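Fold and contact review
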Amino acid sequence: MTIEKIKDGASLTYVVEGRLETTTAPELDAAVKTDTDGISELIFDFSKLDYISSAGLRVLLSAQKKMNAQGSMKITGANEIVKEIFDVTGFSDILTIE
């Protein structure tokens, strides 16, 4: 998995490529915890994400809780496999997915 960070003022975008799973989720979780201070808009660009596991979903849930207190969060570019995981787990009801 690779993570590209794009900061534009108070907006931060993570372009995540590869697989977000048990072995890679801690890297994204650590980035979210350290990079989002002072951020009012957090965007996860999943256009290059192949797969997300429950560990990845936990990272998104944690990020959503943090951003609820300081701004907004959305997910863009998710493929059909990732969207189906969001639907089956109910995450499509609690996350903003475009």
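For the structure given in this document, a descriptive report is provided here. Everything numeric here is computed off the predicted structure, so don't read it as measured data.

Conventions we followed
- Residues numbered from 1 in each chain as written.
- Predicted model: local features only at pLDDT ≥ 70, side-chain atom pairs only at ≥ 80, totals over all residues.
- Heavy atoms only, no water.
- Salt bridge = Lys/Arg side-chain N within 4 Å of Asp/Glu carboxyl O.
- Helix = DSSP H or I, 4+ residues; strand = E, 2+ residues; numbered from the N terminus.
- Phe/Tyr/Trp six-rings, centres within 6.5 Å; stacked < 30°, edge-to-face > 60°.
- Buried < 20%, exposed > 50% of the residue type's maximum accessible area, 1.4 Å probe, protein only.
- Arc of directions from axis to C-beta.
- Contact = heavy atoms within 4.5 Å.
- Polar contact = N/O pair within 3.5 Å; in protein donor to acceptor, adjacent residues only side chain to side chain.
- Core = buried A, V, L, I, M, F, W, Y, C linked by side-chain atoms within 4.5 Å.

**Quick notes on the pattern of salt bridges**
Applying the stated rule across the entire model yields five salt bridges. Among the ionic pairs, Asp 29 bridges to Lys 33, the shortest N-O distance being 3.1 Å. Taken as a pair, Asp 29 and Lys 33 lie in helix H1 (residues 25-35) at a separation of four residues, close to a single helical turn. Across the salt bridge formed by Glu 98 and Lys 74, the nearest N and O atoms sit 3.4 Å from each other. Here the residue Glu 98 occupies a position in the segment after helix H4 (91-94), and Lys 74 occupies one in strand S4 (residues 72-76), the gap between them amounting to 24 residues.

**A closer look at the packing of aromatic side chains**
Applying the stated criterion across every chain, the model contains two aromatic pairs. A ring pair is formed by Phe 44 and Phe 46, whose centres lie 5.8 Å apart and whose planes are at 45°; its orientation type is tilted. As far as the burial class goes, Phe 44 and Phe 46 line up, both buried. Ring pairs connect the aromatic residues Tyr 14, Phe 44 and Phe 46, which therefore count as one cluster.

**Structural notes on helix H3 (residues 80-89)**
Taken together, the buried positions of H3 are occupied by Val 82, Ile 85 and Phe 86. Across the axial projection of H3, the buried residues extend over an arc of 100°, all falling on one side. Projecting away from the buried face of H3 at angles above 90 degrees are the exposed residues Glu 80, Ile 81, Glu 84, Asp 87 and Val 88. For H3, the elements touching its buried residues are strand S3 (41-52), helix H2 (54-70), S4 and H4. Between the side-chain oxygen at the start of H3 and the backbone nitrogen of Ile 81 there is a gap of 3.0 Å, and the oxygen is on Asn 79. Two residues or fewer after H3 comes Gly 90, characterised by a positive phi angle close to 85°.

**Some details on the nonpolar core**
Nonpolar side chains tend to gather and get buried jointly when the protein is soluble and globular. Within the largest apolar cluster, 28 residues are counted, with the highest numbers of intra-cluster contacts made by Tyr 14, Phe 44, Phe 46, Ile 52 and Phe 86. Where this core is concerned, the elements lending two or more residues are strand S2 (11-20), H1, S3, H2, S4 and H3. Of all the elements, H2 adds the most residues to this core, at six residues. Not counting the four nearest positions on each side in its chain, Phe 44 is found in contact with Tyr 14, Leu 28, Val 32, Leu 60, Ala 63, Met 73, Lys 74, Ile 75 and Thr 76.

**Some remarks on the environment of Asp 37**
Relative to the helices and strands, Asp 37 is located in the loop between H1 and S3. In this structure, the C-alpha to C-alpha distance between Asp 37 and Leu 49, residues 12 residues apart in sequence, is 25 Å. At 3.4 Å, the side chain of Asp 37 and the side chain of Lys 66 are in polar contact.

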